[in-house]
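Examination of the molecular architecture
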Amino acid sequence: MREQDRPVGILDSGIGGFSVARQVQRLMPGEELLYLGDGAHIPYGNHREEEIVAMARYLFRFMEEHGVKALLVACNTISCVIDRCRQEVSCPVFNAIRAGADAVAGLPVEKVGVISTVFTHNSGAYPREILAQSPKKMVVLSCGCPDLARLVEHNLDDPAGMVQVEENLRQELDQMVLEEKIQCCVLGCTHYPLVADSIRRLYPGLPLVDPAEEMARSLRGYLRAGGLEREGTRPGGLSVYTTGDVAEYRLRAGQVGLERIDRVEWYPPMEL
Ligand code: DGL
């Protein structure tokens, strides 16, 4: 197979990486995408570091076996431990936290809020990376949400479930937005952009930073520079694999607006 025709890999603990796949489909419709979500083990954000590393390595090896030409780590929680996983693949790896920090660096703000999983929050990765990438001084506030990713994973588009999602959002975000008056909010877990409309409705005028946009742009820059874009008139398809519930993934993929879904199949989870 020509290098250009190899798929781009996207992985996450669940359906959160669909927010990244969506951006890649918008920006690079020609690319073939291979998605793996570890539905059997979500939420990663409440696991211990050693478990997250072991599970992430398992997902990386799937991608290596499928010969991806680039890998998007569409999970901020795995991105916190990326240096302990990247050796499992031979292709370039793009991570969500670096993308989020790059996106913030270009903004005219001084007080930034980040919402993420508890693991990402406790790791301190976002404040560290934002302060490292930003040319000017910024105050970075971070909030770890123990329940939000799981609530989004299982309740999208279900009216009663979305009431719970919005209650949880208010519980986690009111302090940072209304009291601390952050000037923008980084969606530091890939599940959260899937409920961006709810966040906008709850906090009108609050600018949201979705690292997925920056990830997709960085990927395009890399593929272009190396002559690795998939060309031709036929748009690329999307193969989705999950260690979780195939029917739920098929439903969610459609709900979030993914296109050209060639297959949704089960993949055996790692034994913990
Ligand atoms: N979507 C993942 C992230 O970006 C995490 C959700 C989870 O806790 O598994 O961190």
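Everything discussed here concerns the structure shown above.
In this text, all values refer to a predicted model and were calculated from it rather than measured experimentally.

Reading the values: the criteria
Residues numbered from 1 in each chain as written. Predicted model: local features only at pLDDT ≥ 70, side-chain atom pairs only at ≥ 80, totals over all residues. Heavy atoms only, no water. Salt bridge = Lys/Arg side-chain N within 4 Å of Asp/Glu carboxyl O. Helix = DSSP H or I, 4+ residues; strand = E, 2+ residues; numbered from the N terminus. Buried < 20%, exposed > 50% of the residue type's maximum accessible area, 1.4 Å probe, protein only. Axes fitted to C-alpha atoms, helices over the stretch in contact; angles between N-to-C directions. Parallel < 35°, antiparallel > 145°, perpendicular 65-115°, else oblique. Left-handed = near helix turned anticlockwise from the far one by under 90°. Contact = heavy atoms within 4.5 Å. Nonpolar A, V, L, I, M, F, W, Y, C, P; charged D, E, K, R; others polar. Phe/Tyr/Trp six-rings, centres within 6.5 Å; stacked < 30°, edge-to-face > 60°. Pairing = 2+ DSSP bridges. Right-handed = clockwise from strand over helix to strand, strands pointing away. Near = heavy atom within 4 Å. Polar contact = N/O pair within 3.5 Å; in protein donor to acceptor, adjacent residues only side chain to side chain. Areas by Shrake-Rupley, 256 points an atom, 1.4 Å probe, with all protein chains shown as cover.

Time to look at the pattern of salt bridges. Here the structure, examined in full by the defined rule, presents 22 salt bridges. R230 is paired through a salt bridge with D5; the nearest N and O atoms lie 3.9 Å apart. Within this pair, whereas R230 is found in the loop between α10 (211-225) and β9 (238-242), its partner D5 is found in the segment before β1 (8-12), the two being separated by 225 residues in sequence. Judged by relative accessible area, R230 falls into the buried class, the value being 11%. D5 sits in the partly exposed class, given a relative accessible area of 24%. The network of salt bridges with common partners includes R2, D5, E32 and R230.

As a further point, take the packing of helix α1 (residues 18-27) against α10. The packing of two helices is summarised by the inter-axis angle and the distance between the axes. At their nearest, the axes of α1 and α10 sit 9 Å apart, and the two run at 45° to each other. What the angle tells us is that α1 and α10 run oblique. Both α1 and α10 take part in a crossing whose hand is right-handed. Touching S19, V20, Q23, V24 and L27 of α1 are A212, E213, M215, A216, R217, L219 and R220, all from α10. Among the residues making up the contact of α1 with α10, the classes are represented as seven nonpolar, two polar and three charged.

Below, the discussion takes up the packing of aromatic side chains. Applying the stated criterion across every chain yields a total of six aromatic pairs. Their ring planes at 80° and their centres at 6.0 Å tell us that F18 and Y249 sit as a pair that is edge-to-face. Of this pair, F18 sits in helix α1 while Y249 sits in helix α11 (residues 246-255), placing them 231 residues apart in sequence. Accessibility classification places F18 together with Y249 in one group, the buried group. Each residue in the set Y58, F62, Y241 and Y267 is aromatic and connected to the rest through ring pairs, giving one cluster.

Attention shifts here to the pairing of strand β2 (residues 33-37). Regular strands place their side chains on alternate faces of the sheet. Of all five residues in β2, five are buried, a share of seventy percent or more. Going residue by residue along β2, you find L33, Y35 and G37 tucked away on one face and L34 and L36 tucked away on the opposite face as well. Across five bridges, the pairing between β1 and β2 is parallel. Bridge pairing in β2 links V8 to L33. In this region the chain leaves β1, passes through α1 and returns to the parallel neighbour β2; the handedness of that crossover is right-handed. Alignment of β2 against β9, held across five bridges, turns out to be parallel. Bridge assignment links L34 to a residue of β9, and that residue is S239.

What follows covers unusual backbone geometry. Generally, phi is negative for residues other than glycine and the peptide bonds are trans, each holding for most cases. A cis amide bond links I42 to the next residue, P43, at an omega of 5°. With respect to the helices, strands and loops of the structure, P43 is situated in the loop between β2 and α2 (49-65). In this structure, D157 is a non-glycine residue whose phi angle is positive, near 65°. Looking at the secondary structure, you find D157 in the loop between α7 (148-155) and α8 (159-179). For D157, a relative accessible area of 54% corresponds to the exposed category.

Surrounding the ligand, one finds 14 residues, the nearest of these being S13, Y44, G45, N76 and T77. Between a nitrogen atom of the ligand and a side-chain N or O atom of D12, the distance comes to 3.1 Å. One nitrogen or oxygen atom from the main chain of N76 is found 2.8 Å from an oxygen atom belonging to the ligand. Notes on the ligand: free accessible area 300 Å², of which the protein chains cover 99%. Class assignment for the residues of the shell around the ligand results in six nonpolar, seven polar and one charged.

Worth remembering: the numbers are spatial, not functional.
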